[in-house]
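Each chain, letter by letter, is given below.
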There are 2 protein chains.
Amino acid sequence: MARRKKYKFPKTTIERLSYYFRALEDLSKRGIDTVSSEALGGKLNIKSSQIRKDLSYFGDFGKRGMGYDVKYLLKELKYILGLDREWSVVIVGAGHIGAAMANYDSFEKRGFNIAAIFDNDEKKIGKEINGTPILPYDNIDDFVKQNKIEMAIIAVPAAAAQAVADKLVESGVTAILNFAPVAVQLDENVRCLSVDLTTKLEALAYYMSYSQDKLWKIYS
Amino acid sequence: MARRKKYKFPKTTIERLSYYFRALEDLSKRGIDTVSSEALGGKLNIKSSQIRKDLSYFGDFGKRGMGYDVKYLLKELKYILGLDREWSVVIVGAGHIGAAMANYDSFEKRGFNIAAIFDNDEKKIGKEINGTPILPYDNIDDFVKQNKIEMAIIAVPAAAAQAVADKLVESGVTAILNFAPVAVQLDENVRCLSVDLTTKLEALAYYMSYSQDKLWKIYS
DNA sequence: TCACCCATGTGAAAATTTTAACATACGCCG
DNA sequence: CGGCGTATGTTAAAATTTTCACATGGGTGA
């Protein structure tokens, strides 16, 4: 019953599913068995109708009059999001961001296994971060192939990002999380999402200066 | 002439303005004086019509038949985004992410001044990261008030994030960049953007497992 | 000066996404 | 066992955002 549904839905839904998942984990941890879309929405600042709609794209997971069974919905979301398996990931770039990612424990908890970190700094190669070895950048191709790595995190300077991405894709990686502040051009069967740190701060700067003296606010 | 326009525009426009800004900086650095929406779009994987529309919300910046003057558009975008001034920022949490942010040089380059880092770990207090001192968390209120800090970066565990946010807002901070994997509830005159690291990886996991055996893909 | 080329700015259409509203179904209680 | 309260799943409307198509105007060269 549960699953099987229309398969066209907003891109933003995926992101929200991830939020739901996390909130449900929290509820589960606190021993809460059942939650309504209203309650979940309150926790996440998301309208209850939005939650119901998002879930409805994938199946009927709730019970009318009752709400959603937390554990059951968790299980379903885990499957939907593809978190019911382990993913092998490499990090390219052992700088501050790469190191932070290697130390980010939530990744392991979710099944994202950081297999290795690559860098071309002689001083870093051979060391490890949070138990993960730093290997020479030149070995990346072999390593990715041998270990069937599918996902990669790019944490190198903007100027190097495109070359790194190309190399990764050539080696077989099909999903990339990019921290370099540049738009990487890739084949369309490779998934790439970017985390843009300055952009977010700049958006905040916009919002903060917005209410003050911007002309286009005045002349509508 | 340039500025003064309708003031309602998509939220996503702000983010793109930020991308335009960065791409233009790059062009400028390479000595390119003029760029068309078509060329800029090619660099960023954004449709030219989208770029023209985005810019048109704020003014007429281009010359028909010619394109946009890179330096001029940079200057205008700088103003629009609120980057024509310095912003004082504090970081809360001197863990790996907080440290990475303190070391992220692009912030300074854009006028985001990291004034201090706060933590309650005795072993970290008194040290500094990338020249920025780590101060006791308890001093945060005074510091924010005395230094008229407006922006903050939260890089603490999820469980602590809400309390930290409340304290920051109480002290006078009105914009927050949140790295904690939790939805922070705030007064609506405080701007808060979240950078969600696991969510992005999870979205990738979804896309990767998507093409395989998901039921709702089959039964449309 | 005029004709032609080119790329902007824009108004209208299309596509996407969110919100609202409600009929439907579940469980409980009497 | 039937009525009632409740929260889902869904349909339709509203809102937002993107894309298209083209008239408009600046520059160049003859």
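Procedures and definitions
Residues numbered from 1 in each chain as written. Chains lettered and ligands numbered in written order. Predicted model: local features only at pLDDT ≥ 70, side-chain atom pairs only at ≥ 80, totals over all residues. Heavy atoms only, no water. Salt bridge = Lys/Arg side-chain N within 4 Å of Asp/Glu carboxyl O. Buried < 20%, exposed > 50% of the residue type's maximum accessible area, 1.4 Å probe, protein only. Least-squares fit on C-alpha atoms with pLDDT ≥ 70 in both. Contact = heavy atoms within 4.5 Å. Pairing = 2+ DSSP bridges. Helix = DSSP H or I, 4+ residues; strand = E, 2+ residues; numbered from the N terminus. Axes fitted to C-alpha atoms, helices over the stretch in contact; angles between N-to-C directions. Polar contact = N/O pair within 3.5 Å; in protein donor to acceptor, adjacent residues only side chain to side chain. Nonpolar A, V, L, I, M, F, W, Y, C, P; charged D, E, K, R; others polar. Near = heavy atom within 4 Å. Phe/Tyr/Trp six-rings, centres within 6.5 Å; stacked < 30°, edge-to-face > 60°. Lys NZ or Arg CZ within 6 Å of the ring centre and 35° of its normal. Parallel < 35°, antiparallel > 145°, perpendicular 65-115°, else oblique. 1 Å grid on protein atoms, 1.4 Å probe; cavity = no way out; pocket = protein on both sides within 12 Å on 5 of 7 lines; lining within 4 Å. Points joined across faces, edges and corners; volume = space filled by probe spheres on them.

Caption draft 1: Structural context of the pattern of salt bridges. All names here are of chain A. Under the defined criterion, the tally for this structure stands at 16 salt bridges over all chains. In this structure, arginine 30 engages aspartate 26 in a salt bridge whose closest nitrogen and oxygen atoms are separated by 3.2 Å. By relative accessible area, arginine 30 is classed as exposed at 53%. Using a relative accessible area of 28% as the deciding quantity, one classes aspartate 26 as partly exposed.

Caption draft 2: Spatial organisation of the relation of the copies chain B and chain A. Turning chain B through 180° and shifting it by 0.0 Å along the axis lays it on chain A, with an RMSD of 0.0 Å. Accordingly, the operation relating the two chain copies is best matched by a two-fold axis. Scanning chain B for the C-alpha nearest the rotation axis identifies Ala100(B), at a separation of 3.3 Å. In this assembly, 100% of the residues forming the interface of chain B have copies in chain A that are likewise at the interface, indicating an isologous arrangement.

Caption draft 3: The sheet that holds strand E10 (residues 191-194) of chain B, seen in detail. All names here are of chain B. Spatially, the 7 strands line up as an open sheet ordered E6-E7-E5-E4-E8-E9-E10, and their pairing is mixed. Since the sheet does not close on itself, it has two edges, and those belong to strand E6 (128-129) and E10, each with one partner. Pairing of strand E5 (residues 112-119) with strand E7 (residues 132-136), which is carried by 3 bridges, proceeds in the parallel orientation. Bridge pairing in E7 places aspartate 119 opposite proline 136. In the packing of helix H8 (residues 158-171) onto the sheet, contacts are made with strand E4 (87-92), strand E8 (151-154) and strand E9 (175-178), and the angle to E8 comes to roughly 170°.

Caption draft 4: Seen up close, the side chain of Ser209(B). Among the secondary structure elements, Ser209(B) is positioned in helix H9 (residues 197-213). Separated by 2.9 Å, the side chain of Ser209(B) and the backbone oxygen of Ala205(B) make a polar contact.

Caption draft 5: Representation of the interface of chain B and chain A in the model. Contacts between the two partners involve 73 residues from chain B and, on the opposite side, 73 residues from chain A. The interface formed by chain B and chain A contains 4 salt bridges. As a salt-bridge pair, Glu202(A) and Arg110(B) come within 2.4 Å of each other at their nearest N and O atoms. For the interface between chain B and chain A, the tally reads 21 residue pairs in polar contact (both at pLDDT 80 or more). The dominant element in the side of chain B that touches chain A, judged by the number of residues it contributes, is H9(B), at 15 residues. Its residues assigned to classes, the side of chain B that touches chain A shows 42 nonpolar, 14 polar and 17 charged.

Caption draft 6: Broad picture of the protein's contact with DNA strand C. In the neighbourhood of DNA strand C, 29 residues make up the surrounding shell, with Arg64(A), Ser37(B), Arg52(B), Gly62(B) and Tyr68(B) lying closest. In DNA strand C, atoms within 4 Å of the protein come 68% from sugar and phosphate. Contacts to DNA strand C include Gln50(A), whose side-chain N or O atom sits 3.4 Å from a sugar or linking oxygen. A distance of 2.7 Å separates a phosphate oxygen of DNA strand C from a polar side-chain atom of Tyr68(B). If you list the elements that add at least two residues to the surface near DNA strand C, you get helix H1 (11-29) and helix H3 (48-56) of chain A together with helix H3 (48-56), strand E2 (62-63) and strand E3 (67-69) of chain B.

Caption draft 7: View of the environment of Asn178(A). All names here are of chain A. Checked against the element boundaries, asparagine 178 lands in strand E9 (residues 175-178). Between the C-alpha atoms of asparagine 178 and tyrosine 207, which are 29 residues apart in sequence, the distance is 25 Å. Sequence-distant contacts of asparagine 178, defined by excluding residues within four places in its chain, comprise Ile154, Val184, Cys192, Leu193, Ser194 and Val195. Of the polar contacts made by the side chain of asparagine 178, one reaches the side chain of serine 194; its length is 3.3 Å.

Caption draft 8: Representation of the environment of Arg22(B). Its place among the elements puts Arg22(B) in helix H1 (residues 11-29). Excluding residues that lie within four positions of it along the chain, Arg22(B) makes contacts with Pro181(A), Val182(A), Asp196(A), Thr198(A), Thr199(A) and Arg110(B).

Caption draft 9: Inspection of the sheet that holds E3(B) at higher detail. Residues and elements named next belong to chain B. The antiparallel open sheet is built from 3 strands, whose spatial order is E1-E3-E2. Strand pairing shows two members of the sheet lacking a second neighbour, strand E1 (34-35) and E2, which therefore form its edges. Note: E1 against E3, 2 bridges, orientation antiparallel. In the strand pairing of E3, valine 35 is matched with tyrosine 68.

Caption draft 10: Molecular detail of the packing of aromatic side chains. Applying the stated criterion to the full structure yields 15 aromatic pairs over all chains. Seen from their ring centres, Phe9(A) and Tyr206(B) are 6.2 Å apart, and the 70° between their planes marks the pair as edge-to-face. Separated into two different chains, Phe9(A) in the segment before H1 and Tyr206(B) in helix H9 make up a pair that spans both. A network of ring pairs unites the aromatic residues Phe9(A), Tyr57(A), Phe58(A), Tyr206(B) and Tyr207(B) as a single cluster. Cation over ring: Arg85(B) sits above Trp87(B), and NZ or CZ is 3.5 Å from the ring centre.

Caption draft 11: The packing of H1(B) against H3(B), seen in detail. All names here are of chain B. Viewed as axis vectors pointing N to C, H1 and H3 meet at an angle of 105°, and their least axial separation amounts to 10 Å. Regarding the angle of H1 to H3, the classification is roughly perpendicular. Between H1 and H3, the residues in contact are Thr13, Arg16, Leu17 and Tyr20 and Gln50, Ile51, Asp54 and Leu55, respectively.

Caption draft 12: Quick look at empty space enclosed by the protein. Taken as a whole, this structure holds 1 cavity of 30 Å³ or more when the rule is applied. There is about 40 Å³ of room inside the largest cavity. Forming the walls of the largest cavity are Ile97(A), Ala100(A), Met101(A), Phe179(A), Leu197(A), Ile97(B), Ala100(B), Met101(B), Phe179(B) and Leu197(B). The set of elements that each furnish at least two residues to the lining of the largest cavity consists of helix H5 (96-103) of chain A together with helix H5 (96-102) of chain B. Looking at side-chain class alone, the lining of the largest cavity contains 10 nonpolar, no polar and no charged residues.

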